[in-house]
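Observations on the three-dimensional arrangement
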Amino acid sequence: MTAALALENITCTFVSREDRASRYTAVKDTSLKVAPGEFVSVVGPTGCGKSTLLNVAAGLLEPSAGAVRVFGEPLAGVNSRAGYLFQSDALMPWRNALDNVAAGLEFRGLPIEEARARGNDWLKRVGLAGFGDRYPHQLSGGMKKRVALAQTLILDPEILLMDEPFSALDVQTRQLMENELLELWSANRKSVVFITHDLEEAIALSDRVVVLSAGPETRPIGEYRIDLARPRDVSEIRLVPRFLELHAEIWHAMKAEVLKGYAQQQRQ
Amino acid sequence: MRSSSGSSTLRIWQLALLAGLFVLWHVGTSPTLLPPLYFDDPNRAAFFFGEPLKVLHRIWDWFAGGDIYRHLWITLLETMLAFVIGTVLGLGVGLWLALSPMASALLDPYIKALNSMPRVILAPIFAVWFGLGVASKVALGVTLVFFIVFFNVYQGVREVSPVVLANAKMLGASRRQLLRYVFIPSAMSWVFASLHNSVGLAFVGAVVGEYLGSSQGVGYLILQAEGVFDINTVFAGILVLTAFALVLDWTVTLAERRLMVWQPRSGETEKI
């Protein structure tokens, strides 16, 4: 079967604008394949180039070397078959919640009434019925994430790229959002690349967890299949013995890298 | 309740201060109330500073007699035209330069030079080019408004959050759609933030233009009165202009409230 998303030997080297000689290789020779309908989490210590990898998959960043294939076809420009959920606020502050959700359909040339009707439908699905006329600054962090989720899912992307989407939320809201994400995902299985630095979140959500080394020159150092039964409840699954086993196993592999990453940050 | 009664008390104090200033003005300039403090001639103070009663009387005459409306209308027309044309030009050029790095790099020194030039000095040139009518005042106002709007638009486009931009791209926005749905709204928020400034400067352009040579407008009235040392009329003109500027500013505040609903206001805590 063709992979939904294949990153092939991706290397990303950034050159400083002021000093052409100063280079920073964020990602080195990294390959990652995601099957259709598969939920893959990528974990790694902070500052290890996880977001760089995701931006490459989204087509927002061109890699220095390597290729990206989307359902077998080489990617050129923005990845139109993928939706991207950003870590920080990405809603247009001058549009209300409904118009934010409907924006993608509007860009595709749908009449505004139809786009709004479907937007309302999606607001209902993420539990925000009646909040359509609110502007982003009037919404709480969790509600903004829901709007962003609806904004992305309304376009029915085949691939979902998520960059630590829930990292800014409090623990309770976060678990609610994780459960909602799983529910939406299981209703309509898309390929998901979920970036996080939270190992528990990664195990609770995914089919497969990929561990990255500390940066610079990040590369994958391990891959773990998560054989926990679905449907899962993220707050309960953390108590299952198999979860603890997997957690211990992956943490053991990650620990050295996390310490390395921490030491590098201390040095800076 | 407390805050509303507090604000009305504040209003009363503000009015009292205004009345106090007028009384001080009256007492200081009246030839008969006080013995001359500084000037030898008791009428000298009134000659230099005018007399508030006569000033108010002059204003009353203007409005009751209907003389002033034509002049106010001309000044308002010049202000509005300068504001609209300056804003449209500033918006267009700002967007163009912000989105095309080549043009911006090429024109950068010229923009800086034009902006740092004291542009009021162009008024006589505009009078030669466009005559003594409305057009030369509008031209002066435009040069003042343009740069305010231009720099704000430029900044607004440059400061578009890269995440919002990337998100719009991922949602499938074309270049044209990015301009319409991301860059322009973002730039407009900066333009609105400078609305008070640009309307104020359009007004300054109109009045200064009139003052330097015209046949109608409030600036013209002041110029005429000054020519015959009618200091009371000069002060009356200044007071009318000030009141008018306050009304303009208040209109801008109303417009701003309508147009900027999406921006958080300080003190707003409603979050449901």
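Conventions we followed
Residues numbered from 1 in each chain as written. Chains lettered and ligands numbered in written order. Predicted model: local features only at pLDDT ≥ 70, side-chain atom pairs only at ≥ 80, totals over all residues. Helix = DSSP H or I, 4+ residues; strand = E, 2+ residues; numbered from the N terminus. Expected span 1.5 Å × (residues − 1). Buried ≥ 20, exposed ≤ 12 C-beta atoms within 10 Å, placed from the backbone. Arc of directions from axis to C-beta. Contact = placed C-beta atoms within 7 Å. Domains from an automatic or database assignment. Nonpolar A, V, L, I, M, F, W, Y, C, P; charged D, E, K, R; others polar. pLDDT = per-residue confidence, 0-100. Core = buried A, V, L, I, M, F, W, Y, C linked by C-beta atoms within 7 Å. Pairing = 2+ DSSP bridges. Axes fitted to C-alpha atoms, helices over the stretch in contact; angles between N-to-C directions. Parallel < 35°, antiparallel > 145°, perpendicular 65-115°, else oblique. Left-handed = near helix turned anticlockwise from the far one by under 90°.

Let's shift gears to helix 3 (residues 112–125) of chain A. Residues and elements named next belong to chain A. In this model, helix 3 (14 residues) spans 20 Å end to end at C-alpha, consistent with the 20 Å of a helix rising 1.5 Å per residue. All buried positions along helix 3 are accounted for by Ala-115, Gly-119, Trp-122 and Leu-123. Looking down the long axis of helix 3, one finds its buried residues gathered within 105° of arc, a one-sided arrangement. Within helix 3, the exposed residues directed more than 90 degrees away from the buried face are Glu-113 and Glu-114. In this structure, the buried residues of helix 3 make contact with helix 2 (97–107) and helix 4 (141–153). Positioned one or two residues after helix 3, Gly-127 has a phi angle of 80°, which is positive.

What follows covers unusual backbone geometry. For the bond running from Arg-230 of chain A to Pro-231 of chain A, omega is -5°, close enough to zero to count as cis. Within the secondary structure layout, Pro-231 of chain A lies in the loop between strand 10 (220–225) and helix 7 (234–237). The backbone of Phe-229 of chain B shows a phi angle near 55°, a positive value even though the residue is not glycine. Among the secondary structure elements, Phe-229 of chain B is positioned in the loop between helix 11 (218–227) and helix 12 (231–259).

Let's shift gears to the domain arrangement of chain A. Residues and elements named next belong to chain A. According to the domain assignment, chain A consists of domain 1 (5–81 + 157–267) and domain 2 (92–156). Distance between the C-alpha centres of domain 1 and domain 2: 26 Å. Here the element with the most residues in the side of domain 1 that touches domain 2 is helix 5 (residues 171–187); it accounts for three residues.

Before going further, it helps to examine the interface of chain A and chain B. Taken together, the contacts link 23 residues of chain A with 18 residues of chain B. Where the side of chain A that touches chain B is concerned, the elements lending two or more residues are strand 6 (82–85) and helix 2 of chain A. No other element matches the three residues that helix 2 of chain A contributes to the side of chain A that touches chain B. Class assignment for the residues of the side of chain A that touches chain B results in 13 nonpolar, eight polar and two charged.

As a further point, take the confidence of the model for chain B. Residues and elements named next belong to chain B. Here chain B averages 86 in pLDDT, while 93% of its residues score no lower than 70. At the low end of the mean pLDDT range in chain B sits helix 2 (residues 44–49), at 79; at the high end sits helix 8 (residues 162–170), at 92. Model confidence for the complex: the whole-complex pTM is 0.78, and ipTM, which rates the interface, is 0.86.

A few words now on the nonpolar core. Buried together is how nonpolar side chains tend to be arranged in soluble globular proteins. With 120 residues, the main nonpolar core has Ala-57, Leu-161 and Val-193 of chain A together with Val-145 of chain B as its most contacted residues. Here this core takes 15 residues from helix 7 (residues 134–158) of chain B, the largest share from any one element. Residues in contact with Val-193 of chain A, not counting those within four places in the same chain, are Leu-5, Val-34, Val-40, Val-42, Leu-54, Ala-57, Leu-161 and Met-162 of chain A.

Sheet strands pair by backbone hydrogen bonding; their relative direction is either parallel or antiparallel. Residue and element names in this part refer to chain A. Strand order in the open sheet made by the four strands is 2-1-4-5, with antiparallel pairing throughout. Of all the strands in the sheet, the pair left with one neighbour each is strand 2 (23–34) and strand 5 (73–74). Pairing geometry for strand 4 (residues 65–70) and strand 5, over two bridges, is antiparallel. Its bridge partner lying in strand 5, Val-70 is registered against Glu-73. Of the strands in this sheet, strand 1 (5–15), strand 2 and strand 4 are in contact with helix 1 (residues 50–58), which crosses strand 1 at around 120°.

We now examine the confidence of the model for chain A. Across chain A, the average pLDDT comes to 88, with 99% of residues at or above 70. When mean pLDDT is compared element by element in chain A, helix 2 of chain A scores highest at 93, while helix 8 (residues 241–267) of chain A scores lowest at 84.

Residues and elements named next belong to chain A. Spatial ordering of the open sheet is given by 6-7-8-3-9-10, a layout of six strands whose pairing is mixed. Edge positions in the sheet fall to strand 6 and strand 10, since each has one partner strand and no second. For this sheet, the mean inter-axis angle between neighbouring strands, taken without regard to orientation, is 15°. Pairing geometry for strand 6 and strand 7 (residues 159–163), over four bridges, is parallel. The partner of Gly-83 across the bridge, within strand 7, is Leu-160.

With that settled, consider the packing of helix 10 (residues 195–212) of chain B against helix 12 of chain B. Two packed helices can be described by the angle between their axes and the distance between those axes. Residues and elements named next belong to chain B. Viewed as axis vectors pointing N to C, helix 10 and helix 12 meet at an angle of 150°, and their least axial separation amounts to 10 Å. In terms of orientation, helix 10 lies roughly antiparallel with respect to helix 12. The two elements helix 10 and helix 12 cross, and the hand of that crossing is right-handed. Contact residues: Leu-195, His-196, Val-199, Gly-200, Phe-203 and Val-207 in helix 10; Leu-241, Ala-245, Leu-248, Asp-249, Val-252 and Glu-256 in helix 12. In the contact of helix 10 with helix 12, the residues fall into eight nonpolar, two polar and two charged.

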